[in-house]
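Letter by letter, the chains look like this.
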Protein chains: 2
Amino acid sequence: MRRKSLEESVCAVARSLDIIGDWWTLLIVREALSGAKRFGEFQKNLGMAKNILSTRLRSMVENGIMEMVMPEDSQAYYEYVLTEQGKALTPVLVALAQWGGDHLFDPKERSSLLLDAKKRRPLRPLELRSHDGKLLSVDEVFVPPTPSVAA
Amino acid sequence: MRRKSLEESVCAVARSLDIIGDWWTLLIVREALSGAKRFGEFQKNLGMAKNILSTRLRSMVENGIMEMVMPEDSQAYYEYVLTEQGKALTPVLVALAQWGGDHLFDPKERSSLLLDAKKRRPLRPLELRSHDGKLLSVDEVFVPPTPSVAA
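Here goes a summary of the coordinates provided. (Residues numbered from 1 in each chain as written. Chains lettered and ligands numbered in written order. Predicted model: local features only at pLDDT ≥ 70, side-chain atom pairs only at ≥ 80, totals over all residues. Heavy atoms only, no water.)

**Examining the overall build of chain A**
Scanning chain A from terminus to terminus reveals 6 helices and 6 strands. Put simply, chain A runs from its N terminus to its C terminus through helices and strands in the order α-α-α-α-β-β-α-α-β-β-β-β. For chain A, with 151 residues in total, the buried portion stands at 50%. If you take every contact in chain A between residues at least 6 apart in sequence, the share linking residues at least 24 apart comes to 40%. As presented, chain A carries roughly 7,700 Å² of accessible surface, and 50% of it is formed by carbon and sulfur atoms. (Helix = DSSP H or I, 4+ residues; strand = E, 2+ residues; numbered from the N terminus. Buried < 20%, exposed > 50% of the residue type's maximum accessible area, 1.4 Å probe, protein only. Contact = heavy atoms within 4.5 Å. Areas by Shrake-Rupley, 256 points an atom, 1.4 Å probe, with all protein chains shown as cover.)

Following this line, the structure appears as structure tokens:
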């Protein structure tokens with residue numbers, strides 16, 4: 001990847017993308033949230049090359065998104081399990097899924113979204129709210145220029 | 001990029017990542033939301049190589065995320081302006097910024113987040129809610145396996 005590292009950026013978007021900017025990462029998180037645990041499951045479900053998956057999983061473990069766990073009933077296979085930090089990426093997946101569902105599917109097409117586990121219905125669209133709870137449109141959100149920081 | 005196209009996936013996350021999976025795209029959207037319009041502004045603010053920026057902007061125009069506008073007071077420079085579809089990526093940026101702010105910054109570090117335009121305070125954390133408005137934890141979100149679709 002040809003890019004300067006964003007690791008030290010004060011911009012929280014940039015720093016997040018430095019860790020999860022590889023689109024595979026979010027697809028792996030998605031698979032993990034839907035139950036995949038073993039290397040072979042991720043590989044099969046995502047159709048990934050073994051070497052790319054291997055590199056990516058290692059980097060996710062290094063970055064605290066996943067951890068490797070040896071299940072008690074198995075001496076053979078490690079399982080890859082999301083950490084709390086990894087699970088905390090769920091709103092990113094929800095935001096992506098809702099944007100895609102709104103803009104990248106024909107009205108007749110059905111899209112796979114994230115669901116309420118109990119009722120199995122799509123989640124309510126994410127809402128942008130001010131610190132004191134006021135609903136904000138996208139035009140009411142201010143994005144500071146990259147070098148500056150929020151007070 | 002070595003990957004199979006996700007363009008036709010029924011998974012809305014995958015299809016979104018097919019369009020915006022390149023981490024530059026989201027940083028360009030962020031710059032546009034903070035006021036950048038001209039090629040040179042994007043290039044300078046993001047430190048991008050001209051050829052990469054050029055390719056990326058063209059693809060964003062093709063995908064309906066940006067449009068090229070010739071300002072009335074200028075005969076020389078096109079401006080790149082976010083479409084409604086492009087602005088609708090704001091929740092993705094907010095989700096990324098909040099995740100990064102929570103997990104990738106030391107407590108003493110200040111992170112640049114997205115703000116309420118009027119009060120200039122960071123937005124409230126995004127909440128996951130069921131269709132009928134119930135607040136959900138990440139463990140209460142169900143992610144269907146990739147091939148299946150939401151009813």
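**What about the interface of chain B and chain A?**
The interface of chain B with chain A comprises 83 residues on the first partner and 83 residues on the second. Summing the contributions of chain B and of chain A, the shared interface buries around 8,100 Å²; its carbon and sulfur component is 66%. Applying the counting criterion to the chain B and chain A interface returns 4 salt bridges. The closest approach of N and O atoms between Lys119(A) and Asp132(B), which form a salt bridge, is 2.6 Å. Where chain B meets chain A, there are 21 residue pairs in polar contact (both at pLDDT 80 or more). It is helix α6 (residues 90-103) of chain B that contributes the most residues to the side of chain B that touches chain A, 12 residues altogether. (Buried area = accessible area lost by both parts, 1.4 Å probe. Salt bridge = Lys/Arg side-chain N within 4 Å of Asp/Glu carboxyl O. Polar contact = N/O pair within 3.5 Å; in protein donor to acceptor, adjacent residues only side chain to side chain.)

**Looking at the relation of the copies chain B and chain A**
For the pair chain B and chain A, the best superposition has an RMSD of 0.0 Å and corresponds to a rotation of 180° with a translation of 0.0 Å parallel to the axis. The symmetry that links the two subunits is that of a two-fold axis. The C-alpha atom lying nearest the rotation axis in chain B is that of Val92(B); the distance is 2.9 Å. Residue by residue, 100% of the interface of chain B is reproduced at the interface of chain A, so both copies engage with the same surface. (Least-squares fit on C-alpha atoms with pLDDT ≥ 70 in both.)

**Some remarks on the packing of helix α1 (residues 12-20) of chain A against helix α2 (residues 23-33) of chain B**
Orientation of α1(A) relative to α2(B), taken along the N-to-C sense of each, is 175°, at an axis distance of 10 Å. As the angle between them shows, α1(A) and α2(B) are arranged roughly antiparallel. Facing α1(A), whose interface residues are Val13(A), Ala14(A) and Leu17(A), α2(B) presents Trp23(B), Leu26(B), Leu27(B) and Arg30(B). Across the contact of α1(A) with α2(B), the residue classes tally to 6 nonpolar, no polar and 1 charged. (Axes fitted to C-alpha atoms, helices over the stretch in contact; angles between N-to-C directions. Parallel < 35°, antiparallel > 145°, perpendicular 65-115°, else oblique. Nonpolar A, V, L, I, M, F, W, Y, C, P; charged D, E, K, R; others polar.)

**Section: a nonpolar patch on the surface**
All names here are of chain A. On the surface, Met68, Met70 and Tyr78 cluster together into a nonpolar patch covering about 280 Å² of accessible area. By the element assignment, Met70 lies in the loop between β1 (66-69) and β2 (79-82). Given the relative accessible area of 33%, Met70 is considered partly exposed. (Patch = residues over 30% accessible without salt bridge, like charges linked within 9 Å, V, L, I, M, F, W, Y side chains within 5 Å.)

**So, the pattern of salt bridges**
Two side chains carrying opposite charge are able to pair once their charged atoms lie near each other. If you walk through the whole model with that rule in mind, you get 10 salt bridges over all chains. For the salt bridge of Glu84(A) with Lys87(A), the shortest nitrogen-to-oxygen distance reads 3.6 Å. Here the residue Glu84(A) and the residue Lys87(A) both occupy positions in helix α5 (residues 84-87), the gap between them amounting to 3 residues, near one helical turn. Arg129(A) serves as the salt-bridge partner of Glu127(A), at 2.8 Å between the closest nitrogen and oxygen. Of the residues examined, Glu127(A) reaches a relative accessible area of 29% and is grouped as partly exposed. One network of salt bridges, with partners in common, ties together Glu84(A), Lys87(A) and Asp139(B).

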